[in-house]
Amino acid sequence: MEHVPPPAEELARLDRELAELDARRAQLLTRRAWLLAALRPPAPTAAPGWNPSGWGAPAAGRPGAPAQPWGHVPPKQPSAPRSAQNVLLTLGGLLLTVAAIAFTLVSWGSMGIGGRSAVLAAVTVGALAAPVVLLRRGLTATAEALAALALVLTLLDAYAVHAVAAPDTDGLGFTAVAAAVLAALWTAYGLALGKLHLPLPAAVVLAQWPLLFGAWAAGAPALVVGWALLATAVLDGAIALWGKGTGARVTACLGGSVMAFSALMVGLTLSVTASGPLGALAPGVLLLTAAAAALAGAWRAPRGFARAGGAVAGLAVVAAVGGVPAAAVPEGWRVLAYLLVGLAPAAVVRARLPRNAAIGVLVASAAVVAGALVGALPGLAAVLLGPVTLLSDVWSGSPEGFRSAVGSTLPWSELAATPVVLALVAGLLGAAYRWWPSLARIAAPLIAREEPGSGTGPTGAPGTGTPEAGGAAAPGVSGAPWYAGGAPAARRRPSGAALRGAAGAGAAVLGWGALLLSGAVLDVPYAVAVAGETLLVAGLLALAVRGAGSGRDGSAAVPVTALVVALAAAVSTGLLSLASEGASYAVFGALTALFAGAAVRAGAGVPRAVFAVAATVGGTVLSGFAGRSLGLAPHEAAPLVLLVPALTVLFGARLRRNPVALPVELTGALGALVAVALAVPDAPFLALVLALCGVLAAGAAVRPERRPVAGYLAAALFVLATWVRLAASEVSFPEAYTLPVTVPALVVGFLRRRKDPEASSWTAYGPGLAATLLPSLAVAWTDPDWQRPLLLGVAALVITLLGARYRLQALLLLGGAVLALDGLHELAPYVVQVAGALPRWLPPALAGLLLLVVGATYEQRLRDARRLKDALGRMR
């Protein structure tokens, strides 16, 4: 009987078969199209690596063209005959170069003068003439290789001429003449054959040596050598600006940089080591000439080179002009001479210099000022950090002068001009801060926003910074100044308000440093130094308080800097006062009062909190001084240190939610921590201090906003105090340590359950019970006496009954577990004795009987276990 499928199943089967037929038909059509295209003339070259397992479709843009089959590997194209010829000829040229060198060095002596001349002339002329023919045939690479060969041959010719024709000639002098001749020859050769890239850079390299070697050959002094280097650098600069070919210009730029740097180093060394003003004039002229050359090059150079040239010119002018007065003053005052000259280039903001060159000159001026300030750092660091040595010998007696208190071995006579330098720069920055709008208006042409592509156009084009281009950044050309905002450049650069704030902050810091170093340079008496530093702190605090809420020009740099410097100055002054007891009380009392007054006068915010914290620290230090003055040991002075934390707790209760309250209380907590550290060597005093700290924490916990942290802290401190006191009394019972924790914990848990009956008993009573039961159980298992296990068992029984009575899971389980383990410990000896008296077959028999009983009542036991689980789950 034939099976006829249901209609739905038959329809699905037909659909699958039709889909397979369509797929097969599409595959055959694709293969047919590929075969037709392959048979169509001209037939394509068969591809190696053809994979017949699949075919692609015709490529887009070529209807009917066969696609490459899968796995197709394109054939390697043969090298072009011209490229292969160039490679072969290049390698041949290199081999000829090696052969020429070997011939000149090895076989030269075996030939007569005629043969030598003929060989040199023929080979050199041939090497020079071959590139002409090769360039006509388009063999550029081969022509370059033969030109390199010709270059080596000309150098070998010069060596051979010196060895044969002029062996007695001075080597340096002959090298100078040969380098000049070869430079001229290769310059003409490179200009004649413009398609070659090697001759002109080679001529530039050869041109670096004639003047230098000529000066050395003549035994010229260092100054003449410097002039030779400078002349070479000027020649290189001219080639870099007007030379032909990128290679020659780049080579000239590199060579000119090296020669100019060498010339500047020669001039600077001679200027610095001059014996007097007259001896510094000649190096100064060299440096000024170098500055003029650099500025002339910057006039036409692109932006980056123009700024570099302006910076070099500015530094050279400072070294030239400043070296004359520096040679006439003592060594410690030379930096002031260079600084005064270094400030003069700032006048370029009013000069008709190209914009980028003027910026470079300003950078040079800023570099001189920065260098002078860096020279002041050692003295300033010695004054600030020197008093740290007094920590090892507190109140040893007032030193004679400021320098002895600092304890530094710096040559203070050589730092005589440092305070003047700092004061001068501070005055300039202060003037800039005071008259910032006028200064910004004057400097607007230099700091105007640049348009895209500025500084890269040709001479006379807008943005190049040349006079022809209107390099003054006219509003119609360069747009609004970048500090006006609203442009991408304004987002990349600091605003005018930020720059003004930085100037004011720098003036404050440098002015403070100048006054601080003045005392060390003059070696003022110790009392004057301490009083002066305290007054400086007062002035800085006044500046910080005055500017904290003004927000002048939207910049907070000045008050913030004054605040930071005031803190550093306060630390340094406090350390300096440690040499004398009276000075310590006077300084820290004054500092505490100053910071407290600043906290009162300052507006709400971070500065006010910082002032209040500093005042709290000062009061803590004063309380420590009181203990030392009373002759107390460190642990005995610990309770005195807690006076300030107690005041901070009262202060916090007065301020409550004021933002200053929390930092002050945290600082008081740190003072309490110091008191605890002082009391560590003596256990009874440590217990007393911990208890006092607990009282303070409990007082803070009265306030609702401090209760979550201070409450637990107070409890922990009281427990620690109790434990320390017990340990000091040599109490070894664990219950004496655990019960002070358990009783308060159970009280807190009871109050919580009373307030929230749904609270878990594990949360309310678990920690408190575990704190005593578990340590006591551990000790009871190792205790040979019977009293502790008995008392522990009674307590565990009571706890278990209370848990069953009030349906508290934690009490029932903890008490039952402890009771069972305690009973097991007590019954274990008797069980062992009984087990030893019974026959050996009895325990297995009893175990088997137990298993039979459990197996027979298995379902009932499961129901009992479920009921027990449900009963425990219903407990809290």
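Since this is a predicted model, take the numbers as computed values, not measurements.

*Asks:* What's the story with the overall build of the protein in this structure? I'm lost.
*Replies:* Check the secondary structure of the protein and you find 37 helices and zero strands. Taking the intrachain contacts of the protein between residues at least 6 apart in sequence as the baseline, contacts between residues at least 24 apart amount to 68%. Total accessible area on the protein stands at roughly 47600 Å², and carbon and sulfur atoms take up 71% of it.

*Asks:* So what exactly am I meant to see when it comes to the pattern of salt bridges here?
*Replies:* Side-chain pairs of opposite charge can arise where the charged atoms are in close proximity. This model, assessed by the stated rule, comprises three salt bridges. Across the salt bridge formed by Glu-665 and Arg-703, the nearest N and O atoms sit 2.8 Å from each other. Pair noted here: Glu-665 is in helix 28 (residues 661–679) and Arg-703 is in the loop between helix 29 (683–701) and helix 30 (707–728), with a separation of 38 residues, a long-range link. Between Arg-703 and Glu-705 there is a salt bridge, with its nearest N and O atoms 3.1 Å apart. Comparing Arg-703 with Glu-705 shows no difference in burial state: the two are buried. A single salt-bridge network, built from bridges that share partners, covers Glu-665, Arg-703, Glu-705 and Arg-706.

*Asks:* So what exactly am I meant to see when it comes to the packing of aromatic side chains here?
*Replies:* In total, this model carries eight aromatic pairs according to the counting rule given. Here the aromatic rings of Phe-213 and Trp-216 are separated by 6.1 Å at their centres, their planes lie at 35°, and the arrangement is tilted. Taken as a pair, Phe-213 and Trp-216 lie in helix 7 (residues 210–217) at a separation of three residues, close to a single helical turn. When its relative accessible area of 45% is taken as the criterion, Trp-216 is described as partly exposed. Ring centres 6.4 Å apart and planes at 45° place the aromatic pair Phe-595 and Phe-611 in the tilted group.

*Asks:* Explanation requested: helix 7 in the structure shown.
*Replies:* For an α-helix the count is 3.6 residues per turn, leaving residues at separations of three or four pointing the same way. Of all the positions in helix 7, only Pro-210, Leu-212, Phe-213 and Ala-215 are classed as buried. Looking at the buried positions of helix 7, the neighbouring elements they touch are helix 5 (171–192), helix 6 (199–206) and helix 8 (222–242). Following helix 7 by one or two positions, Gly-219 adopts a phi angle in the positive range, close to 65°.

*Asks:* Explain the nonpolar core to me, please; I cannot follow it from the model alone.
*Replies:* Side chains that are nonpolar tend, in soluble globular proteins, to be buried together. Of all hydrophobic cores here, the largest spans 62 residues; its most connected members are Phe-402, Trp-412, Phe-595 and Phe-611. Residues within four places of Phe-402 in sequence aside, it is in contact with Val-383, Leu-516, Gly-519, Ala-520, Asp-523, Val-524, Pro-525, Tyr-526, Ala-529, Glu-533 and Leu-576. Of all hydrophobic cores here, the second largest spans 26 residues; its members include Ala-147, Ala-150, Leu-193 and Ala-203.

*Asks:* For this particular structure, what's the right way to read the packing of helix 8 against helix 10 (residues 277–300)?
*Replies:* For any two helices packed against each other, the geometry is given by the interaxial angle and the distance between the axes. Contact geometry for helix 8 and helix 10: axes closest at 11 Å, N-to-C directions at 5°. Taken together, the axes of helix 8 and helix 10 are roughly parallel relative to one another. Residues Leu-223, Gly-226, Trp-227, Leu-230, Val-234, Leu-241 and Trp-242 of helix 8 pack against Ala-282, Pro-283, Val-285, Leu-286, Thr-289, Ala-290, Ala-293, Gly-297 and Arg-300 of helix 10. The residue makeup of the contact of helix 8 with helix 10, split by class, is 12 nonpolar, three polar and one charged.

*Asks:* Got a minute to help me understand helix 5 in this structure?
*Replies:* Taking 1.5 Å of rise per residue, the 22 residues of helix 5 would be expected to cover 32 Å, and the 31 Å separating its terminal C-alpha atoms lies within 8% of that figure. Of all the positions in helix 5, only Phe-174, Ala-176, Ala-178, Ala-179, Leu-182, Ala-183, Trp-186, Tyr-189 and Gly-190 are classed as buried. N-capping of helix 5 is provided by Asp-170, with a side-chain oxygen placed 3.3 Å from the backbone N of Leu-172.

*Asks:* How do you make sense of the side chain of Glu-144 when you look at a structure like this?
*Replies:* Looking at the secondary structure, you find Glu-144 in helix 4 (residues 140–164). At 11 Å, Lys-195 is the nearest oppositely charged side chain to Glu-144, a buried residue that forms no salt bridge. A distance of 2.6 Å separates a polar side-chain atom of Glu-144 from the backbone nitrogen of His-197. Sequence-distant contacts of Glu-144, that is, excluding residues within four places in its chain, are made with Lys-195, Leu-196, His-197 and Leu-198.

*Asks:* I'm lost on unusual backbone geometry in this one. Help?
*Replies:* Most peptide bonds take the trans configuration, and most residues that are not glycine carry a negative phi. Here Asp-523, not a glycine, exhibits a phi torsion of approximately 55°, which is positive. Position of Asp-523 relative to the elements: it lies in the loop between helix 21 (496–522) and helix 22 (526–548). Despite not being glycine, Arg-807 shows a phi value in the positive range, around 55°.

*Asks:* Is there a simple way to explain a nonpolar patch on the surface in this structure?
*Replies:* A cluster of nonpolar side chains, namely Trp-786, Leu-790, Val-794, Val-798, Leu-802 and Tyr-806, defines an oily patch on the protein surface of about 620 Å² accessible area. Tracing the backbone through its elements, the reader meets Val-798 in helix 34 (residues 787–806). Overall, Val-798 belongs to the partly exposed group, its relative accessible area being 43%.

*Asks:* Can you help me understand the packing of helix 30 against helix 31 (residues 734–755) in this one?
*Replies:* Between helix 30 and helix 31, whose axes approach to 10 Å, the crossing angle comes to 165°. The orientation of helix 30 with respect to helix 31, classified from their angle, is roughly antiparallel. As helix 30 packs across helix 31, the resulting crossing turns out to be right-handed. Of helix 31, the residues touching helix 30 (which contributes Val-719, Thr-722, Trp-723, Leu-726 and Ala-727) are Ala-736, Tyr-737, Thr-738, Pro-740 and Val-741. Partitioning the contact of helix 30 with helix 31 into residue classes produces eight nonpolar, two polar and no charged.

*Asks:* I would appreciate a short explanation of the environment of Ala-440 in the present structure.
*Replies:* Topologically, Ala-440 is positioned in helix 17 (residues 436–442). Along the sequence, Ala-440 and Gly-496 sit 56 residues apart, while their C-alpha atoms lie 8.1 Å from each other.

*Asks:* What's the story with the confidence of the model for the protein in this structure? I'm lost.
*Replies:* Close reading of the predicted structure is inappropriate where its pLDDT is low. Per-residue confidence for the protein gives a mean pLDDT of 79; residues scoring 70 or more make up 78%. Note on residues 43–81: pLDDT is under 50 here. Beyond four places in sequence and across chains, it has 38 contacts. Contacts from residues 449–491, a stretch scored under 50 in pLDDT, to residues over four places away or in other chains number 62 contacts.

Thresholds, definitions, all that
- Residues numbered from 1 in each chain as written.
- Predicted model: local features only at pLDDT ≥ 70, side-chain atom pairs only at ≥ 80, totals over all residues.
- Heavy atoms only, no water.
- Helix = DSSP H or I, 4+ residues; strand = E, 2+ residues; numbered from the N terminus.
- Contact = heavy atoms within 4.5 Å.
- Areas by Shrake-Rupley, 256 points an atom, 1.4 Å probe, with all protein chains shown as cover.
- Salt bridge = Lys/Arg side-chain N within 4 Å of Asp/Glu carboxyl O.
- Buried < 20%, exposed > 50% of the residue type's maximum accessible area, 1.4 Å probe, protein only.
- Phe/Tyr/Trp six-rings, centres within 6.5 Å; stacked < 30°, edge-to-face > 60°.
- Core = buried A, V, L, I, M, F, W, Y, C linked by side-chain atoms within 4.5 Å.
- Axes fitted to C-alpha atoms, helices over the stretch in contact; angles between N-to-C directions.
- Parallel < 35°, antiparallel > 145°, perpendicular 65-115°, else oblique.
- Nonpolar A, V, L, I, M, F, W, Y, C, P; charged D, E, K, R; others polar.
- Expected span 1.5 Å × (residues − 1).
- Polar contact = N/O pair within 3.5 Å; in protein donor to acceptor, adjacent residues only side chain to side chain.
- Lys, Arg positive; Asp, Glu negative; His and termini not counted.
- Patch = residues over 30% accessible without salt bridge, like charges linked within 9 Å, V, L, I, M, F, W, Y side chains within 5 Å.
- Left-handed = near helix turned anticlockwise from the far one by under 90°.
- pLDDT = per-residue confidence, 0-100.

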